[in-house]
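Structure at a glance
Residues per chain, in single letters:
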Amino acid sequence: MAETDGKLYPIELYVSERTEQNLVPKDIRRRQISLGIPPNGWSTKFTFNAYAWTDHCPQGMMRIVVATSGQVNNLRDPLRYKISRESALEGSGWTDLFSFCAYNPDEVKKPEEKKLIEMKVYQTGGGQLHEDPHRFYIDEKPPQYDTWVLAFTFYAFHGLTHIPLMISETGVGNTPGNPLRGQISNRAVNLASWEPKFTFYVVSSDAEMPSLASENPFLKVYKVTSAGFYGNEDNPLKYDLSFVEDSRSSCWKEVFRFHAYTQPVAGGGSQAVHVYYRGQKNDPDRCLFSLDANVPYGWTKGITFYAFPASNVGRLTLYVSQTGEEGKAGNPLREQISTEPASCAWVQKFALQVFSGPFPGLEKIYVSSAGEIGEPRDPLRYKISHERHGSGWSDVFSFYAHSTQTPGTQCVLVAQRLGANPETDPHRFIVTPFDERSLPLHQWSEALKFYAHIGSFQNRIPLYVSGTYDHRIRHRVSHQMPVNSALIFSFQAYSEKFDGMQRFYVSSKGQSSE
């Protein structure tokens, strides 16, 4: 690896694709590289990691320039992106956007040992703008069409898998048996006394990552350790974070590992997470984890790493339901994704958990509708697509989902039937967990895939909070409407646990006077 002097930054790049299917005489297919979530209408295909260099690329690397030309929704000069080893020439019609550094294939001796992947850049076109514009394609494999010509190759890292980590706190000041201390966890905090503070995303630690981390000078391996016991005042439970190579006394036990950056990630919206400790650095009494760079009084600053905050990436529960019958005119089989449970003629199949906002590794998916309720010639139906509404469709909402599999997620397949007759066989969609039996129906084809946490959500139950106000105020939570006490409020919960949920227990004490 070349020397680093603070000018080299890791970046995560998105490769996305767009196809204008209504252009004549053939589809105008092209791909782009972007620093962040691709814009509307572009479907994420994969991600990879490279570097940004403020002045020049270090020895052993090559500079790659991304430029743009054309305009959005301009059929005569469609928006497209150029991937080249040279800056755009003045008057060429191309405008430089950004550049990055990747490994030069002439300098890489054993790419498989470094977990590098060979990226191939193809180009085609150059004829009439509205028929065959100059455009580019990037992938590990060549495109299907013979008209694409290999321009050059480079090496980069695989796109990384991001996982959420939760920060929580418990205790008060220096209280004996229960002092203030923090916890860092890779699962939902289910200890009653721990108060969640914030969630952020880091890079997953799996079998492929150690070599990548050793090659990437800014991606480090961290380990979370714990000591003590929950509920033990003489030795309360506490957590620590350190580099994987740092030693700890035998009382600390490793819980899990993850990877994070030691410097901000260019274009990724990363944020610093600070570790503060009391006691000795290699054997701390306890630790805190904070987004605040100001050291709390009485604490010592430890390590700092950079992660992606999840404050703007809310989880969203969606419900998949079905109506109609296959082959039935006026009421054909079709399915919908909605933010509310199924109602009326729609029968709920399952639920899935996705995201409401953009984040590295997520792709945007649109849900639109067409038709009307009770109209046999144009029945209500829903479309699930990477692109916004087309002719005859109206946007309902959008969501973000993983474009590749992450821990705990399953593949979700969206299939479509174009329909031979708009009145008797309209364009419609179905949604199903993907396996080899996902497309048993004739004339249904794959529209897209994404990854999400899937649950049945059949056991959704109402809970009622009521209270009595005699000589003692007390509240009650029940799955039945109160009879002899005043209803305060009600809410919906689930009898099955789903990712991101916590289990709560309802218990009673004393005897009823009834």
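Since the structure is predicted, the reported quantities are computational estimates derived from the model, not experimental observations. (Residues numbered from 1 in each chain as written. Predicted model: local features only at pLDDT ≥ 70, side-chain atom pairs only at ≥ 80, totals over all residues. Heavy atoms only, no water.)

Quick look at the packing of aromatic side chains
Within the structure shown, the criterion is met by 22 aromatic pairs. With centroids separated by 5.4 Å and ring planes inclined at 50°, the aromatic side chains of Tyr 222 and Phe 305 adopt a geometry described as tilted. Here Phe 305 lies in strand E18 (residues 300-309) and Tyr 222 lies in strand E13 (residues 219-227), a separation of 83 residues in the sequence. By relative accessible area, Phe 305 is classed as buried at 0%. It is Arg 278 that lies over the ring of Trp 299; its NZ or CZ is 5.1 Å from the centre. (Phe/Tyr/Trp six-rings, centres within 6.5 Å; stacked < 30°, edge-to-face > 60°. Helix = DSSP H or I, 4+ residues; strand = E, 2+ residues; numbered from the N terminus. Buried < 20%, exposed > 50% of the residue type's maximum accessible area, 1.4 Å probe, protein only. Lys NZ or Arg CZ within 6 Å of the ring centre and 35° of its normal.)

Points about the state of the cysteines
Working definition of a disulfide: a covalent bond connecting the sulfur atoms of two cysteines. Evaluation of the coordinates by the stated rule reveals one disulfide. For Cys 57, the disulfide goes to Cys 101, at an S-S distance of 2.1 Å. Note on the Cys 57 and Cys 101 pair: the S-S dihedral is about -90°, so by sign convention the disulfide is left-handed. Of this pair, Cys 57 sits in the loop between strand E3 (43-53) and strand E4 (61-69) while Cys 101 sits in strand E6 (residues 95-103), and the two are 44 residues apart along the sequence. (Disulfide = S-S within 2.5 Å.)

Quick word on the side chain of Ser 84
With respect to the secondary-structure elements, Ser 84 resides in strand E5 (residues 80-84). Within the local environment of Ser 84, its side chain forms a polar contact with the backbone nitrogen of Glu 86, the two atoms lying 3.1 Å apart. When sequence neighbours within four positions are dropped, the list of residues in contact with Ser 84 reads Arg 63, Ile 64, Val 65 and Phe 152. (Polar contact = N/O pair within 3.5 Å; in protein donor to acceptor, adjacent residues only side chain to side chain. Contact = heavy atoms within 4.5 Å.)

Some thoughts on the side chain of Ser 242
As for its placement among the helices and strands, Ser 242 is situated in strand E14 (residues 238-243). Relative accessible area serves as the criterion here: at 1%, Ser 242 is assigned to the buried category. Those residues in contact with Ser 242, other than ones at most four positions away along the chain, are Tyr 222, Lys 223, Arg 248 and Ile 303.

A look at the pattern of salt bridges
On inspection of all chains with the given rule, the structure shows nine salt bridges. A salt bridge links Glu 195 to Lys 197; the nearest nitrogen and oxygen atoms lie 3.8 Å apart. Note on Lys 197: relative accessible area 41%, which makes it partly exposed. A salt bridge links Glu 446 to Lys 449, with the shortest nitrogen-to-oxygen separation between them at 3.8 Å. (Salt bridge = Lys/Arg side-chain N within 4 Å of Asp/Glu carboxyl O.)

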